[in-house]
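Descriptive structure summary
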Amino acid sequence: MKTSISLKPTIFVIFGGTGDLNMRKLAPALYNLYSDGYMPQKYAIIGTARKKLTDQKFRDVLMEGVNSFSRTGKVKKEKWSKFAESVHYTSVDVSAPETFKSLKDDIEKYQQEFGPGTQVVYYLAVAPSLFPLIAKCLSDYKLAGDEESCRIVIEKPFGRDLETAKELNQLLTSIFTEKQIYRIDHYLGKETVQNIMAFRFANSLLEPLWNRTYIDHVQISVTEQLGVGDRGGYYESAGALRDMIQNHILQLLCLIGMETPINFDADEIRNKKVDVLKAMRPFSPDDIRFSTVRGQYTKGWVEGKEVPGYRHENGVNPDSNTETFAAIKFFVDNWRWQGIPFYVRTGKRLFQTSSLITIQFKDVPHQIFPAAVTEHWQQNRLIISIQPEMSIRLQVQAKRPGLDMVLNPVDMVFDYKGTYTTETPEAYETLLLDVMTGDQTQFMRADQVESAWELLMPVVNAWESKKSLSFPNYTADSWGPEDAEALIARDGFHWFTLPLNKD
Ligand code: NAP
């Protein structure tokens, strides 16, 4: 986390320079960092892909991306021209190692121009099957550098199971040190997610309540209204478990469940997070039957438009067993959380797009109010809304104004929009800056990734080996399969949602 910025000269190599991720996220983030004065004085951005492009054509393509997807809207002409002077393109086919030669020449040219201390960042915005090829070529061409001069950023998914994640970790760590490897989970760069640490550890009033004595359960709900769209091919080999739970949701759970770090050191924080994953209760076959629910959407209507079922989306097997919804009850077996359920759910084509963490506190130990005044009684809740609304709400009971004593729940709200006038940076801006400053706090360490896979493998294997006979089992625009409601209702709770914002 930065308080002041002084960046070393940086050569930023983007593998997959012409791809969707660069257009949507990386190029807008780099341009916004430049606009806000957060790029190094000396930098070069080198895009690579198989396509043959001139520097100018590549700049034009990137500008289109920025114009379409940047949070700050269309580029300012003068600013863009200055930024784009340092943007270049080199054609590289990573399955033809000899094509790395021209990339090496480019990197060396900028290293000489920028002088000693120049750092090189390799961003792998390509299909995961190409990660090993790129890492090997960087090694063969002696481009992997050392801890100070060189970093590699790996996009998700990191492996598709424990074995492949381990293989990739082994390969990467045979070429790079752990300090050079940045496994990105863009959720961790979101302002609201970073604020969980600030909220938990910069306020003394929460910690005494943050345990099994006062909390009765936790919910993490990451729901999307969209279907898989044109990413059906990718999603077929992923599914909700791999796409959302193994990474984003378990990382959120770690932030809620972790012990207090002794300082803000990247490894100290990551140690505390990995402790949570290691304390999570392994799944027995019975747990998989009773504590997990999978779903797949069928066709339906969203905002007056008919939308196809998952099995009819492009690139999807008409008999697909891939889950587009998953709900799981986890336990963290340690002193702080023993017996407290953590319910998580995620899915596509659901009623609402939102990411919410709800911490429900235990009820008062003794009710002094008569039943007539507590009709709307609600246990206290802390609701951290990550997106689209960015807020933290504390739901408490209050007396409704009037001559009668009637209680109802009210929200004490910290809302980003109302509190701050400064714009919120995109997650990728935060994370790319972290890579340039060498701050690994918001990136996944090898043991975090592997522990998350280890925990989920019994569920992955059970779901893959046994075809669901109930698929498709929820309609578009619903909250998912009924079994997901039952999963939480059995324990006397229900999934919490925020009212739809009609703005
Ligand atoms: P994409 O649009 O398909 O882009 C793939 C890029 O790789 C293209 O630039 C392509 O250009 C290049 N490429 C393919 N084969 C190559 C080869 N043999 N040598 C060199 N370059 C090659 O994919 P994407 O959506 O940007 O996703 C990239 C990675 O980011 C994936 O791992 C994905 O899971 C991850 N990710 C993406 C998003 C997103 O919003 N898109 C979000 C999170 C994570 P050429 O065809 O010209 O070679």
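Values in this document were obtained by computation on a predicted structure and should not be read as measured data. (Residues numbered from 1 in each chain as written. Predicted model: local features only at pLDDT ≥ 70, side-chain atom pairs only at ≥ 80, totals over all residues. Heavy atoms only, no water.)

Enumeration over the complete set of coordinates arrives at 24 aromatic pairs. Aromatic pair phenylalanine 100 and tyrosine 141: ring centres 6.0 Å apart, planes at 25 degrees, arrangement stacked. Here tyrosine 141 lies in the loop between helix 5 (131-140) and strand 5 (150-154) and phenylalanine 100 lies in helix 4 (residues 100-114), a separation of 41 residues in the sequence. Under the relative-accessibility criterion, phenylalanine 100 is labelled buried at 0%. Joined through ring pairs, the aromatic side chains of Tyr31, Tyr34, Tyr43, Trp80 and Phe83 make up one cluster. One residue, arginine 294, lies across the ring of phenylalanine 471, its end atom 5.7 Å from the ring centre. Across from the ring centre of tyrosine 297, 5.9 Å away, lies the NZ or CZ of arginine 349, which sits over that ring. (Phe/Tyr/Trp six-rings, centres within 6.5 Å; stacked < 30°, edge-to-face > 60°. Helix = DSSP H or I, 4+ residues; strand = E, 2+ residues; numbered from the N terminus. Buried < 20%, exposed > 50% of the residue type's maximum accessible area, 1.4 Å probe, protein only. Lys NZ or Arg CZ within 6 Å of the ring centre and 35° of its normal.)

Moving on, we come to the pattern of salt bridges. A complete count under the given rule lists 25 salt bridges for this structure. One salt bridge connects arginine 445 with aspartate 447, and the closest N-O pair in it is separated by 2.9 Å. When its relative accessible area of 10% is taken as the criterion, arginine 445 is described as buried. On the basis of relative accessibility, which here comes to 25%, the residue aspartate 447 falls in the partly exposed class. Connected via shared salt-bridge partners are Asp36, Arg71, Glu423 and Glu429. (Salt bridge = Lys/Arg side-chain N within 4 Å of Asp/Glu carboxyl O.)

Further remarks concern the sheet that holds strand 3 (residues 87-91). The sheet built from six strands is open, its strands ordered 3-2-1-4-5-6 with parallel pairing. Lying at the two open borders of the sheet, with one neighbouring strand each, are strand 3 and strand 6 (181-183). In this sheet, neighbouring strand axes are inclined to one another by 20 degrees on average, regardless of whether the strands run parallel or antiparallel. Here strand 1 (residues 10-15) pairs with strand 2 (residues 43-49) via six bridges, running parallel. Residue pairing across strands places phenylalanine 15 opposite threonine 48, the latter belonging to strand 2. (Pairing = 2+ DSSP bridges. Axes fitted to C-alpha atoms, helices over the stretch in contact; angles between N-to-C directions.)

Here strand 8 (residues 292-295) shows two buried faces, one formed by Thr292 and Arg294 and the other by Val293 and Gly295. In this structure, strand 8 lies alongside strand 12 (residues 325-331), joined through four bridges in antiparallel fashion. For threonine 292, the partnering residue across the bridge sits in strand 12 and is isoleucine 328.

This paragraph deals with the UniProt feature "binding site: NADP(+)" (unreviewed entry) in the chain. The sites that UniProt annotates as "binding site: NADP(+)" (unreviewed entry) are Arg50, Asp93, Val94 and Lys156. In this structure, the largest cavity is lined, among the annotated residues mentioned, by Lys156. If sequence neighbours within four positions are ignored, aspartate 93 has contacts with Arg50 and Thr99. One polar contact links aspartate 93 to serine 95, side chain to side chain, over a distance of 2.7 Å. Mapping valine 94 onto the fold places it in the loop between strand 3 and helix 4. Filtering out sequence-adjacent residues up to four positions away, valine 94 remains in contact with Phe15, Phe100, Leu130, Leu133, Ile134 and Cys137. (UniProt positions renumbered as here; feature names shortened; annotations may be inferred. 1 Å grid on protein atoms, 1.4 Å probe; cavity = no way out; pocket = protein on both sides within 12 Å on 5 of 7 lines; lining within 4 Å. Contact = heavy atoms within 4.5 Å. Polar contact = N/O pair within 3.5 Å; in protein donor to acceptor, adjacent residues only side chain to side chain.)

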